[in-house]
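# Analysis of the macromolecular model
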2 protein chains.
Amino acid sequence: MGRLVMKFGGTSVANIERIQNVARHVKREVDAGHDVAVVVSAMSGKTNELVGWAQQTSALHDAREYDAIVASGEQVTSGLLAIALQALGIQARSWQGWQIPIETSDAHASARITGIDGSELIKRFKDRREVAVIAGFQGIHQESGRITTLGRGGSDTSAVAIAAAIHADRCDIYTDVDGVYTTDPRVVPKAQRLDKVAFEEMLEMASQGAKVLQVRSVELGLVHNVPVFVRSSFVKPEDIDPHGTPPGTLICSEEEIVESQVVTGIAFSKDEAQISVRRIEDKPGVAASIFGPLAEANINVDMIVQNVSEDGRFTDLTFTVPASDFTRAQDVIAKAKDKIGYERVDTATDVAKISAIGVGMRSHAGVAARAFAALSERNINIRAITTSEIKFSLLIDAAYTELAVRTLHTLYGLDAKT
Amino acid sequence: MGRLVMKFGGTSVANIERIQNVARHVKREVDAGHDVAVVVSAMSGKTNELVGWAQQTSALHDAREYDAIVASGEQVTSGLLAIALQALGIQARSWQGWQIPIETSDAHASARITGIDGSELIKRFKDRREVAVIAGFQGIHQESGRITTLGRGGSDTSAVAIAAAIHADRCDIYTDVDGVYTTDPRVVPKAQRLDKVAFEEMLEMASQGAKVLQVRSVELGLVHNVPVFVRSSFVKPEDIDPHGTPPGTLICSEEEIVESQVVTGIAFSKDEAQISVRRIEDKPGVAASIFGPLAEANINVDMIVQNVSEDGRFTDLTFTVPASDFTRAQDVIAKAKDKIGYERVDTATDVAKISAIGVGMRSHAGVAARAFAALSERNINIRAITTSEIKFSLLIDAAYTELAVRTLHTLYGLDAKT
């Protein structure tokens, strides 16, 4: 007897047959005695169709209207799943974001959840054992009364936020992979599924290019301490032992992981562009003069490397941006040239970022140094390095991505034994 | 300078190009200085797709979930049209039924509008000249907070109800025909478009099988005295003279029609089934014992003919039901046999109903008698007759439908002169 949130993504609800399959997954948990809230995405392809229509109508479309259009996808799935559950004899009703309500900021198309009132859902668990089928990805900005959406992948965030609001014991994310791997198995066939991973590690892995979960949902799991379990939605519900431990990865607090590896996973991203601003006057406020305008333009700057200047007068500053923002970032820097005061800008787009992540790094010295040596042996040139408490990232030529990932995966003992 | 509601159906918003065409129609009226509220249906085919999914999920689906699913179609169109209007430089925003709110009963899938608060829309007309783009066909049941829909064709009803709520001067229904005709032009090529038709006449024509407008919307127009103008959405907006009188049919109060015909139009319906209950004991309450159970089963009974019994003991009762309800109606009558007390039931499904409609009948005697003579000359047998103040209906063998319609159309002088 517990309380569960179950989240199903677009491919898991792509057609009626799959929605009925999802209903059987839910029935399994209801039969096991759990209170269940289900969070669903739009049927796969639907969101793209809706976004396409909005863009076709006008390239510069009102984000408030975009949200009203796009949120309809989840609305449909929530109703269909409620019907599918009722057909299995389960009490169920659909909830749109504005009905609960899931309150958000007014940052349309990328709104943040500011509050969820879970009381009615909890009341219905108790009074009628009613399953709540909740449209993910959306909410309402109370002041304007308008529908908001949380941005791509937002249904993960909805799920974890709802889990926190209804005091769920766990949030199960059903997806098209059966868990979080040490790295992308398509690149490293010896990659292994992790049984457990710490929130902090998953945060780094998600933001470093592992696409299993939206970063924001992991943040919420960390803040509210909601264990998040990533598992496959393509297993037949009938094949799951309700009392056993299904395959998957539990994202949980560090304390619950008894034996942690030094390095838990290797993430990588090829969608990076490097911008180096050369011979900037080395004076206070120069970083702000560069990154201020970039932030205003909503460009996400990732790695930032600034060398101590040799002569105390000029310095070089290198940073990376998503490849999709590269042209805009160049424009911003060019326009701010007078204000920043630099000699020239060098750029590179054929670059990749490789990151090694593990909470064990906190207590182990020299972890990154071993990587430098191993990569050097393979003649892989490191363009830039950044480090944090539980991660280090290396910028290299994109051509070496796979080789570098495999090298580090082996180096840190992550290869499967077989 | 006035206030207009413009309603566009599914074929008029079937794709982005047509939505942009609709936006130009709206712009024309805004440029002419009008306050405009636009009511839109779902893109054609979308509602069928959504209904299909609901049925595929479970044949016996929860009407509340059905409504949540199906209402999403209009939500999408309203957002897209708002974007298309903004792209033309027009202030516009989308409104879902729950946002205005359009309050309805809780009869999900066929809810009735109980109230609309038009104050915010009017305020925005005044403050910002903002066009309201309203999702048709839907509302909210306030007590449960759930989305309702008005049933098929409900967007017409939404449009007229909104016109009443915002005190519009006129409600323009843009559709795939350019007005209301004296009869179906596919059956009678000499059918003519009517410039004006009285609400009462249109009510009879709509409920008698002319499919231009939903009956409920005409009722609302009559009650709130909102003139409804039926016109084509396929005329290019650029080809319309904003100061001229566009082609179409104005549905208005009788007083505004100076010179009225005795008969305004001929309607017909082939989707009829006839049920004759024979040798019923002729005592008080017998009609109630038949039509009570049919009403409970939600079967719409149309023509009812009861002859005065010859001997004062037994009578025959004939009525028609929609062909789709025929089997259910037979069941209901069979089950109530003991309570009603009859000898047998005769039925016919190959029947059609022909109606002649005109407010002028009130002041002209012998209008129906001329029809009986003309049909008899053509050897068309009349199975049953009902009359009202402004209409008479004849039940005939379906095979004679077209012949009978053409005969009456000519008889009452409705043929175009060419």
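Residues numbered from 1 in each chain as written. Chains lettered and ligands numbered in written order. Predicted model: local features only at pLDDT ≥ 70, side-chain atom pairs only at ≥ 80, totals over all residues. Heavy atoms only, no water.

As a reminder, the rule being used: UniProt positions are given in the numbering used here, feature names are shortened, and annotations may be inferred rather than shown by experiment.
An unreviewed UniProt entry annotates chain A as Aspartokinase originating from Afipia felis. The Catalytic activity (unreviewed entry) field of the UniProt record for chain A holds the comment "L-aspartate + ATP = 4-phospho-L-aspartate + ADP". For the record of chain A, the UniProt heading Sequence similarities (unreviewed entry) holds the text "Belongs to the aspartokinase family."

### Notes on empty space enclosed by the protein
Basically, it comes down to this: Using a grid of 1 Å spacing that covers the protein atoms alone, one calls a set of points a cavity when a 1.4 Å probe fits there but cannot get out, and a pocket when the set is open and has protein on both sides within 12 Å along at least five of seven lines; lining residues are those with an atom within 4 Å of a point. Grid points are joined across faces, edges and corners, and a volume is the space filled by probe spheres set on the points. For helices the rule is a DSSP run of H or I covering at least 4 residues; for strands it is a run of E covering at least 2, with both sets numbered from the N terminus onward. When residues are sorted by character, Ala, Val, Leu, Ile, Met, Phe, Trp, Tyr, Cys and Pro go into the nonpolar class, Asp, Glu, Lys and Arg into the charged class, and all the rest, Gly among them, into the polar class.
Overall, the coordinates contain six cavities of 30 Å³ or more when judged by the stated rule. Each pocket or cavity is described by its volume, and for the largest cavity that value is around 180 Å³. What lines the largest cavity is a set of 17 residues, and nearest its centre among them are Leu50 of chain A together with Lys46, Leu50, Ser72 and Val76 of chain B. Looking at the lining of the largest cavity, the elements that each hand over two or more residues are helix 2 (46-57) and helix 4 (72-87) of chain A together with helix 2 (46-57) and helix 4 (72-87) of chain B. For the lining of the largest cavity, the per-class residue count stands at eight nonpolar, five polar and four charged. For the second largest cavity, the calculated volume is near 40 Å³. Along the walls of the second largest cavity sit Arg231, Ser232, Val235, Ile240, Pro246 and Pro247 of chain B, which together make up its complete lining. Residue composition of the lining of the second largest cavity, grouped by class: four nonpolar, one polar and one charged.

### Some remarks on the UniProt feature "binding site: ATP" (unreviewed entry) in chain A
All names here are of chain A. Applicable threshold: Here, residues are in contact when the closest pair of their heavy atoms is within 4.5 Å. Think of a polar contact as two N or O atoms within 3.5 Å of one another; within protein, one of them needs to be a possible hydrogen donor and the other a possible acceptor, and neighboring residues in sequence only count if both atoms come from side chains. Type-normalised accessible area, obtained with a 1.4 Å probe on protein chains alone, sets the label of each residue: buried when under 20%, exposed when over 50%, and partly exposed for intermediate values.
When the UniProt feature table is mapped to this numbering, "binding site: ATP" (unreviewed entry) covers Lys7, Phe8, Gly9, Gly10, Thr175, Asp176, Tyr181, Arg186, Lys211 and Val212. Maximum C-alpha separation among the annotated residues is 24.9 Å over a sequence range of 206 residues, too wide for a single clustered spot. Residue position: Lys7 is located in strand 1 (residues 3-8). With residues near it in sequence (within four places) discarded, Lys7 still touches Val39, Ser41, Ser155, Asp156, Ala159, Asp172, Ile173 and Tyr174. A distance of 2.8 Å separates the side chain of Lys7 from the side chain of Asp156, its partner in a polar contact. Tracing the backbone shows Thr175 in strand 9 (residues 170-175). Since its relative accessible area comes to 14%, Thr175 is described here as buried. Each residue touching Thr175, except ones within four places of it in the same chain, is listed here: Val230, Arg231, Ser232 and Ser233. Of the polar contacts made by the side chain of Thr175, one reaches the side chain of Asp176; its length is 3.1 Å.

### Details of helix 13 (residues 401-411) of chain B
Spacing of three or four residues puts side chains on the same side of an α-helix, whose turn is 3.6 residues. Within the sequence span of helix 13 of chain B, burial applies to Thr401, Ala404, Val405, Thr407, Leu408 and His409 of chain B. Looking one or two residues beyond helix 13 of chain B, the residue adopting positive phi is Gly413 of chain B, at roughly 70°.

### Side note on the interface of chain A and chain B
Condition: For salt bridges, the criterion is a side-chain nitrogen of Lys or Arg within 4 Å of an Asp or Glu carboxyl oxygen.
Listed per partner, the contact involves 39 residues of chain A and 39 residues of chain B. Taken together, the connections running from chain A to chain B amount to two salt bridges. Residue Glu49 of chain B is joined to Lys46 of chain A by a salt bridge in which the shortest nitrogen-to-oxygen separation is 3.7 Å. For the pair chain A and chain B, the number of links is 12 residue pairs in polar contact (both at pLDDT 80 or more). Counting residues per element, the ones that place at least two in the side of chain A that touches chain B are helix 1 (16-31), helix 2, helix 3 (63-70), helix 4, strand 3 (92-95) and strand 8 (146-149) of chain A. For the side of chain A that touches chain B, a count of residues per class yields 19 nonpolar, 14 polar and six charged.

### Concerning the domain arrangement of chain A
Residues and elements named next belong to chain A. Cut-off, in case you're wondering: Domain delimitation in this document rests on an assignment produced automatically or drawn from a domain database. By buried area we mean how much accessible surface two parts lose on assembly, using a 1.4 Å probe and totalling the loss over both.
Per the domain assignment, the segments making up chain A are domain 1 (3-254) and domain 2 (265-412). Measuring from the centre of the C-alpha atoms in domain 1 to the corresponding centre in domain 2 gives 33 Å. Of the residues lining the interface, 15 residues belong to domain 1; the matching set on domain 2 comes to 20 residues. Summed over both partners, the interface of domain 1 with domain 2 buries about 1,400 Å², with 60% contributed by carbon and sulfur atoms.

### Regarding the pattern of salt bridges
For the structure shown, the criterion picks out 65 salt bridges over all chains. Across the pair Asp346 of chain A and Arg344 of chain A runs a salt bridge whose closest N-O atoms are separated by 3.0 Å. Arg344 of chain A sits in the partly exposed class, given a relative accessible area of 40%. When the shortest N-O distance is used, the salt bridge between Glu402 of chain B and Lys270 of chain B registers 2.7 Å. Of this pair, Glu402 of chain B sits in helix 13 while Lys270 of chain B is found in strand 13 (residues 265-281), placing the two residues 132 residues apart along the sequence. Overall, Glu402 of chain B belongs to the partly exposed group, its relative accessible area being 25%.

### Examining the relation of the copies chain A and chain B
Inclusion rule: The fit set for superposing copies consists of C-alpha atoms from residues with pLDDT of at least 70 in both; the fit itself is least squares.
Turning chain A through 179° and shifting it by 0.0 Å along the axis lays it on chain B, with an RMSD of 0.1 Å. Between the two chains, the operation in question is that of a two-fold axis. Closest approach to the rotation axis within chain A is made by the C-alpha atom of Ser72 of chain A, at a distance of 2.7 Å. An overlap of 100% is found between the interface residues of chain A and their copies at the interface of chain B, pointing to a shared contact surface.

### Notes on the packing of helix 12 (residues 367-377) of chain A against helix 13 (residues 401-411) of chain A
All names here are of chain A. What counts, and what does not: Here the axes come from fitting lines to C-alpha atoms, over the contacting stretch only for helices, and the angles between their N-to-C directions go from 0 to 180 degrees. Here roughly perpendicular refers to angles of 65 to 115 degrees, roughly parallel to angles under 35, roughly antiparallel to angles over 145, and oblique to all remaining angles. By definition, turning the near helix anticlockwise from the far helix through less than a right angle yields a left-handed crossing, and turning it clockwise yields a right-handed one.
Their axes nearest at 10 Å, the elements helix 12 and helix 13 cross at an angle of 130°. Between helix 12 and helix 13, the interaxial angle falls into the category oblique. Along this stretch, helix 12 crosses helix 13, giving a crossing that reads as right-handed. When helix 12 is examined against helix 13, the residues Arg370, Ala371, Ala374 and Leu375 are found in contact with a partner set consisting of Ala404, Thr407, Leu408 and Leu411. Along the lines of polarity and charge, the residues of the contact of helix 12 with helix 13 split into six nonpolar, one polar and one charged.

### Quick notes on unusual backbone geometry
All names here are of chain A. Geometrically, the link from Ile100 to Pro101 is a cis peptide bond, its omega value of -15° lying close to zero. Unlike most non-glycine residues, Phe137 shows phi in positive territory, near 80°. Following the sequence through the fold, Phe137 ends up in the loop between strand 6 (131-135) and strand 7 (138-141).

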